[in-house]
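Listed below are the residues making up each chain.
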Amino acid sequence: MVAKKTVKKTLKKEKDVLKSVEKKVKTVKPVVVSTAKTYFKSAEKQAKKINLEKFLTDALYMLLHPVKYFTSIKADGNYEDAIVKVLMYGLLTAGIKILFNLASITLLGTISALILMPIYAILITFALAGVMLFFSYLAKGEMNFETSMKAVASCIFMYPLCYVAYHIAFSYWILFCFSLILDLYILFLIYTATTYCLKGEQGISKVIFGIFTIFIIVLHFSASGAVYIATKNPTVGFKHHFAKMQKSKDIAPIINIK
């Protein structure tokens, strides 16, 4: 009898527990479904943002219509798109670096490239945003960091482009041409962004950027500029300088004899 009563009590408890669990499941289910839908929507939005084709299309549009593109940039408090764009181009640069060094790169080198290149891209973006604000201050434009950062983030496609250009340069003079052209083009993008994004006065902007244009050209043709160019591709740049130094040593005794 005691055994039968114990079994009945146990069965009753089991039924009570099952009913309790069933009630909780019914209560929790809508919340779980709602949360899952939110996560899926968030993931879908993120996937749309991380769309390399869209970023490349934007980059092409900016190349062809820089004034229209920079004029369309507004300060709305949304930094996320700009940061995602910068990180994407940082990862793209990391991928290109790994491909260029495929024969010699290690697992540690691969991991460090995938971590460091996006960080460099972020640092470059914030540094250039500060530089743009300085130019805007000189040109009596707006001092809006968000607009400045978004403008630089739109130009960050130059990061992988410059990396590729400098590393395919197989001679010093090709590296010299790439360096000069790309530096001047980046300066032009900063000028356009300062004038049309931050609404700097065109007359003052032209004078400021004219001075910096002359400075970049003089730098590339100077002795210190040669070292600056060499840092963009040390293999080609310093090889050229070592060959030049060796040649001057070979000529030196002839000069002394004369």
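Refer to the preceding data block for the structure.
Residue numbering note: each chain is counted from 1, following its sequence as written. In view of the model being predicted, local features appear only for residues whose pLDDT reaches at least 70, and side-chain atom pairs are presented and counted only at 80 or more, with totals across whole chains, interfaces and linings using the full set of residues. Derived side-chain values reflect all non-hydrogen atoms in the structure, with water molecules and hydrogen atoms excluded from consideration.

What follows deals with the side chain of S179. Strands are runs of DSSP state E lasting at least 2 residues, helices are runs of H or I lasting at least 4, and numbering of each runs from the N terminus. In this structure, S179 sits in helix α8 (residues 172-196). Look at S179 and you get buried, because its relative accessible area is 0%. When residues no more than four places from it in sequence are discounted, the contact partners of S179 are Y166, H220, Y228, I229 and K232. To sort residues, take the accessible area from a 1.4 Å probe on protein chains only and compare it with the maximum for the residue type: under 20% means buried, over 50% means exposed, and anything in between is partly exposed. Residues are treated as being in contact if the distance between any of their heavy atoms lies within 4.5 Å.

Glycine aside, a negative phi is what most residues show, and trans is what most peptide bonds show. One non-glycine residue, K140, lies in positive phi territory at about 60°. Position of K140 among the secondary structure elements: in the loop between α5 (107-138) and α6 (145-154). Despite not being glycine, K199 shows a phi value in the positive range, around 55°. Structurally, the position occupied by K199 is in the loop between α8 and α9 (202-221). Relative accessible area serves as the criterion here: at 49%, K199 is assigned to the partly exposed category.

Moving on, we get to the packing of α8 against helix α10 (residues 223-230). Only the stretch in contact is used when a helix axis is fitted, and all axes are lines through C-alpha atoms; the angle between N-to-C directions ranges over 0 to 180 degrees. Where α8 meets α10, the axes come as close as 10 Å, and the angle between the chain directions of the two elements is 95°. By the angle between their directions, the pair α8 and α10 is classed as roughly perpendicular. Of the residues in α10, those in contact with Y172, L175, F176, S179 and D183 of α8 are A226, Y228 and I229. Gly counts as polar in this scheme, as do all residues outside two lists: the nonpolar Ala, Val, Leu, Ile, Met, Phe, Trp, Tyr, Cys and Pro, and the charged Asp, Glu, Lys and Arg. Of the residues contributing to the contact of α8 with α10, the split by class is 6 nonpolar, 1 polar and 1 charged. Angle categories are assigned with fixed cut-offs, so that under 35 degrees is roughly parallel, over 145 is roughly antiparallel, 65 to 115 is roughly perpendicular, and the rest are oblique.

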